[in-house]
Amino acid sequence: MSEPITAHWHAPSNIAIVKYWGKFHNQIPANPSISFTLTLSYTDTKVTLTEAKEQLPTADVFYEGVEKPDFLPKVLKFLDHAMAFYPWLASKHLKIETRNTFPHSSGIASSASAIAALACCIEDIHSLLTFTPFDRQRVSHMARLGSGSACRSIYGGFVQWGSTADGAGSDHFAIPVEQVHTAFLDVKDYILILHSGKKTVSSSAGHGLMKDHSYAEPRFQQAKQRALALRDILTSGDWEMFIRLMESEALTLHAMMMTSDPPYILMKPNTLAVIEKLWQFRSDTGYQIGFTLDAGANLHLIFPASLTHIVERDFLPEIQYLCEQNRIIRDCIGDGPRKITEG
Ligand code: PMV
């Protein structure tokens, strides 16, 4: 290889309905999780590969055009894992140019889309170098080693990571959920930006605190049952059951944080204010509009596309002032990563 090789991908973030919270060595999840992949919240990454003299891969990372040496340790650690799949990475230099369409470190899974986009670029270069087809399962497997939730961003639609009691899924990579009722094919996720500042406790630290957590075992058992229950709900198309399970998962995730040792709280007063207004709105109108939370303060409003005009006309005016600069990302379920062809 004498000429530089480039690969350019967009990979979306995802939002978990059944949450992954707690892990074992090598990013093996303590319980299965099920998410759906987003459309507008994505990372755009371009990798330019050149020859280098070192025995291990080297890299430069540019975020929105600015060099970011502080991103390097995580990237190099990931490349170290990736060498198990792509031995040619040794003695290569990667120039990584990346940007997000949404604020990072704010409880929208930016590591999921960032690692997914980088993994897609590396697999794409691999298929160019070896004349082999792009292998999504390998990408998902590799992405998991960088950030657990990233392995789900490799597929579109609803995605399961972690094995369930019925023998479906794998702890090593994600798989698409095949049987999804039409009622869930056009799900909206309006992300209310209630707090865009950096989180006080990272997800890695949060997973770590599950190790000696008093409620860890019952929580893992609950999530195992809920992954199965959610798959049934997705097949049946029952939005009421979907919302009940989704909201309990979000609150359980945050309850785990509040009952960790030391405890911590990632929700903000406006998170609770929106939840109260949503519950009131739902009880007044009966509309199936629910919420979930990631590991952060921002609230994801989840509803079928058929209710978009109701949300826009009747609910957002009640709560938009609680968002930072009225900011809402009007996202929806999407098809997964996309290769960008230049020119
Ligand atoms: O993939 P990580 O290590 O950033 O953990 C993500 C954990 C949650 O976003 C809170 C839940 C999930 O399943 O995505």
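Residues numbered from 1 in each chain as written. Predicted model: local features only at pLDDT ≥ 70, side-chain atom pairs only at ≥ 80, totals over all residues. Heavy atoms only, no water.

A few words now on the overall build of the chain. Scanning the chain for helices and strands turns up eight helices and 14 strands. Against the 2.2 N^0.38 benchmark of 20 Å for 343 residues, the chain shows a C-alpha radius of gyration of 20 Å, consistent with a compact globule. A principal-axis box enclosing the C-alpha atoms of the chain has dimensions of 65 × 40 × 40 Å. Taking all 343 residues of the chain together, 54% fall into the buried category. In the chain, the proportion of contacts linking residues at least 24 apart, taken out of those at least 6 apart, comes to 75%. About 14700 Å² of surface is accessible on the chain, with carbon and sulfur atoms providing 54% of the total. (Helix = DSSP H or I, 4+ residues; strand = E, 2+ residues; numbered from the N terminus. Rg over C-alpha atoms; globule rule 2.2 N^0.38 Å. Buried < 20%, exposed > 50% of the residue type's maximum accessible area, 1.4 Å probe, protein only. Contact = heavy atoms within 4.5 Å. Areas by Shrake-Rupley, 256 points an atom, 1.4 Å probe, with all protein chains shown as cover.)

Bringing helix 6 (residues 239-258) into the picture now. Given a rise of 1.5 Å per residue, 20 residues ought to cover 28 Å, and the 28 Å separating the end C-alpha atoms of helix 6 matches this to within 8%. The opening residue of helix 6 is Asp-238, an N-cap whose side-chain oxygen sits 3.1 Å from the backbone nitrogen of Glu-240. (Expected span 1.5 Å × (residues − 1). Polar contact = N/O pair within 3.5 Å; in protein donor to acceptor, adjacent residues only side chain to side chain.)

Turning next to helix 5 (residues 216-236). Counted at 1.5 Å a residue, the expected span for helix 5 with its 21 residues is 30 Å, and the 30 Å between its end C-alpha atoms agrees. Among all positions in helix 5, only Ala-216, Arg-219, Phe-220, Ala-223, Arg-226, Ala-227, Leu-230, Arg-231, Ile-233 and Leu-234 are buried. Viewed end-on, helix 5 has its buried residues packed into an arc of 160°, placing them on one side of the element. Along helix 5, exposed side chains directed more than 90 degrees from the buried face belong to Gln-225 and Asp-232. Elements in contact with the buried residues of helix 5: strand 1 (5-18), strand 4 (33-51), strand 8 (158-161) and helix 6. One or two residues past the end of helix 5 sits Gly-237, with phi positive at roughly 85°. (Arc of directions from axis to C-beta.)

This paragraph deals with the nonpolar core. Counting residues in each nonpolar core, the largest one holds 37 residues, and the members touching the most others are Leu-89, Leu-94, Ile-96 and Ile-122. For this core, the secondary-structure elements that each account for two or more residues are strand 1, strand 4, strand 5 (58-63), helix 1 (72-82), strand 7 (92-100), helix 2 (110-130), helix 3 (136-146) and strand 8. No other element matches the nine residues that helix 2 contributes to this core. When near neighbours in sequence (up to four residues on either side) are disregarded, Ile-122 contacts Phe-78, Leu-79, Tyr-86, Trp-88, Leu-89, Leu-94 and Met-142. Counting 27 residues, the second-largest nonpolar core is a separate cluster that includes Ile-17, Val-187, Trp-239 and Leu-245. (Core = buried A, V, L, I, M, F, W, Y, C linked by side-chain atoms within 4.5 Å.)

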